[in-house]
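Overview (structure and organization)
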Amino acid sequence: MATTPAPPQAPPKPTWDPRRPQAPFPWLRPTIRIRLTLLYGGMFLIAGILLLSIIYLLAAQALNVGSELPFKITQGKVISQVCDLPGSATPDVFNQAMNDCVNEQRRHALDDLLSRSLLALLGLAVIAFAFGYAMAGRVLAPLGRILRTARAVAGSDLSRRIELDGPDDELKELADTFDDMLERLQRAFTAQQRFVGNASHELRTPLAINRTLLEVHLSDPHAPVELQQLGKTLLATNERSEQLVEGLLLLARSDNQIVERKPVDLAEVAGQAIDQVHAEAEAKGVEIRGKRHKAVVQGNGVLLERIALNLVQNAVRYNVPADGWVEVTTEIQHGQAVLVVSNTGPVVPAYEIDNLFEPFRRLRTERTGSDKGVGLGLSIVRSVARAHGGHIAAQPREGGGLMMRVTLPV
């Protein structure tokens, strides 16, 4: 049985090349260099023509082309109203006097021409600078548009685009490249948000199930002591894993700028954080004090509360065994809202301050195995402060402890 030949396949389509196609005559392309060259070259040519014309007119006026001579010959005598000629003298003396008179007139004409030419040059220079400034602003106006878009993007508005129109020059290429970069950043940002949301669900669910099973097992009064102890250990490990997941997810979310902002009072936020840590502070014998004045900022209340809670928790947990204190203050200083959390505690070397803000880093402790947290508290505080346009600074106290100072724009 004969087989039918396969139909001829179409040639493969060429892959899309994102690069701009090369023009057939690249030297004719209206680039910025060519446009600026033509602009300033044309300005120089026009200014030169105007200057030559003005100098020619001034020279003609100074030389008095077509005017009468500065002396007249009447009845065998030479009379002049400009020059001081002798009435009767030998021919040599008379010729020398006439030469001096003509040279004096030439000097006056040259001096007058020079002064008027300098004034004309000054006027043309002012006009040229003003015209050049206006033309340079017109040529470089797309850079201002690119700059404004970049500032809007820095404020977390990734939806902004330049969409520059005009000649196909370097500035348009820069704007198109910037738009492509913003498109990729927006896709990456959207993918990150989607990942954080999915990870939040996928990581929390099994940990919550494990915690429920362990709590049900521990509620059985007939369970052996060994299993009860093992269940408590596993429950503590599961709780630590939940804290770690929550901290990582919060750290991932807080790395981005805050888009939706609402008025938040730092004094109220600090008060809520103190209420949550009050029982733990009483159990450790730590006194919480300090005056909290109204300091309203624009931001996310949940994240700002996390700043205060992490700082107060650290101040309580890393404190002295007895007679310790934590001071929490809020106020407005130099047009900025300031949250300060100070505490007594172990002596902290100045060179260790930067390490405290790194994830999973603690002061002279192991990276894992601590019962005081998962090592993300200060990293989250720094990330949230940056997302709100602020910053945090730490300073060791004399005698031990730290002073944490968070500054946020009002």
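Up top is the structure these notes are about.
The paragraphs below set out a description of the structure included in this document. (Residues numbered from 1 in each chain as written. Predicted model: local features only at pLDDT ≥ 70, side-chain atom pairs only at ≥ 80, totals over all residues. Heavy atoms only, no water.)

1. Some points on a nonpolar patch on the surface
A surface patch of nonpolar side chains, amounting to about 290 Å² of accessible area, comprises Leu 114, Leu 118 and Leu 121. Take Leu 121: it is sitting in helix α2 (residues 91-139). Owing to a relative accessible area of 43%, Leu 121 belongs among the partly exposed residues under this scheme. (Patch = residues over 30% accessible without salt bridge, like charges linked within 9 Å, V, L, I, M, F, W, Y side chains within 5 Å. Areas by Shrake-Rupley, 256 points an atom, 1.4 Å probe, with all protein chains shown as cover. Salt bridge = Lys/Arg side-chain N within 4 Å of Asp/Glu carboxyl O. Helix = DSSP H or I, 4+ residues; strand = E, 2+ residues; numbered from the N terminus. Buried < 20%, exposed > 50% of the residue type's maximum accessible area, 1.4 Å probe, protein only.)

2. Structural notes on the pairing of strand β7 (residues 336-343)
Summarising burial for β7: seven of the eight residues are buried, a large majority. Pairing analysis gives eight bridges linking strand β6 (residues 324-333) to β7, with the strands arranged antiparallel. Bridge pairing links Val 328 to Val 341 in β7. Count of turn residues in the β6/β7 antiparallel hairpin: two residues, of which His 334 carries a positive phi of about 55°. (Pairing = 2+ DSSP bridges.)

3. A look at the side chain of Thr 330
The residue Thr 330 is located in strand β6 in this model. Overall, Thr 330 belongs to the buried group, its relative accessible area being 0%. Each residue touching Thr 330, except ones within four places of it in the same chain, is listed here: Leu 266, Ala 267, Ala 270, Lys 291, Arg 292, His 293, Val 338 and Leu 339. (Contact = heavy atoms within 4.5 Å.)

4. Quick look at the packing of helix α7 (residues 301-317) against helix α9 (residues 377-387)
How two helices sit against one another is set out by the angle between their axes and by the gap between those axes. Between α7 and α9, whose axes approach to 9 Å, the crossing angle comes to 145°. Regarding α7 and α9, the two cross each other, and that crossing is left-handed. Along its contact with α7, which presents Leu 303, Leu 304, Arg 306, Ile 307, Asn 310, Leu 311 and Asn 314, the element α9 presents Gly 377, Leu 378, Ile 380, Val 381, Val 384 and Ala 385. Partitioning the contact of α7 with α9 into residue classes produces nine nonpolar, three polar and one charged. (Axes fitted to C-alpha atoms, helices over the stretch in contact; angles between N-to-C directions. Left-handed = near helix turned anticlockwise from the far one by under 90°. Nonpolar A, V, L, I, M, F, W, Y, C, P; charged D, E, K, R; others polar.)

5. A look at the sheet that holds strand β8 (residues 391-396)
In sheet architecture, strand pairing relies on hydrogen bonds along the backbone and comes in two forms, parallel and antiparallel. Pairing is mixed across the open sheet formed by five strands, whose spatial order is β4-β6-β7-β9-β8. At either margin of the open sheet sits one strand with a lone partner, and together these are β4 (286-289) and β8. Neighbour to neighbour, the strand axes of the sheet diverge by 15° on average, direction disregarded. Relative to strand β9 (residues 402-409), β8 runs antiparallel, the two sharing six bridges. When the bridges of β9 are listed, Ile 392 appears paired with Val 406. Those strands touched by α7 are β4, β6, β7, β8 and β9, and its axis lies near 20° from that of β7.

6. Looking at the packing of aromatic side chains
For the structure shown, the criterion picks out zero aromatic pairs. If you follow Arg 289 out to its NZ or CZ, it ends over the ring of Trp 325, 4.2 Å from the centre. (Phe/Tyr/Trp six-rings, centres within 6.5 Å; stacked < 30°, edge-to-face > 60°. Lys NZ or Arg CZ within 6 Å of the ring centre and 35° of its normal.)

7. Examining the pattern of salt bridges
Under the defined criterion, the tally for this structure stands at five salt bridges. A salt bridge links Glu 183 to Arg 161, with the nearest nitrogen and oxygen atoms 2.9 Å apart. Of this pair, Glu 183 sits in helix α4 (residues 170-218) while Arg 161 sits in the loop between α3 (141-154) and α4, and the two are 22 residues apart along the sequence. One salt bridge in this structure joins Glu 280 and Arg 317, with 3.0 Å as the shortest N-O distance. Residue Glu 280 is located in helix α6 (residues 266-284), and its partner Arg 317 is located in helix α7; the two are separated by 37 residues in the primary sequence. Judged by relative accessible area, Arg 317 falls into the partly exposed class, the value being 23%. When salt bridges with common partners are traced through the structure, they connect Arg 161, Glu 183 and Arg 187 into a single cluster.

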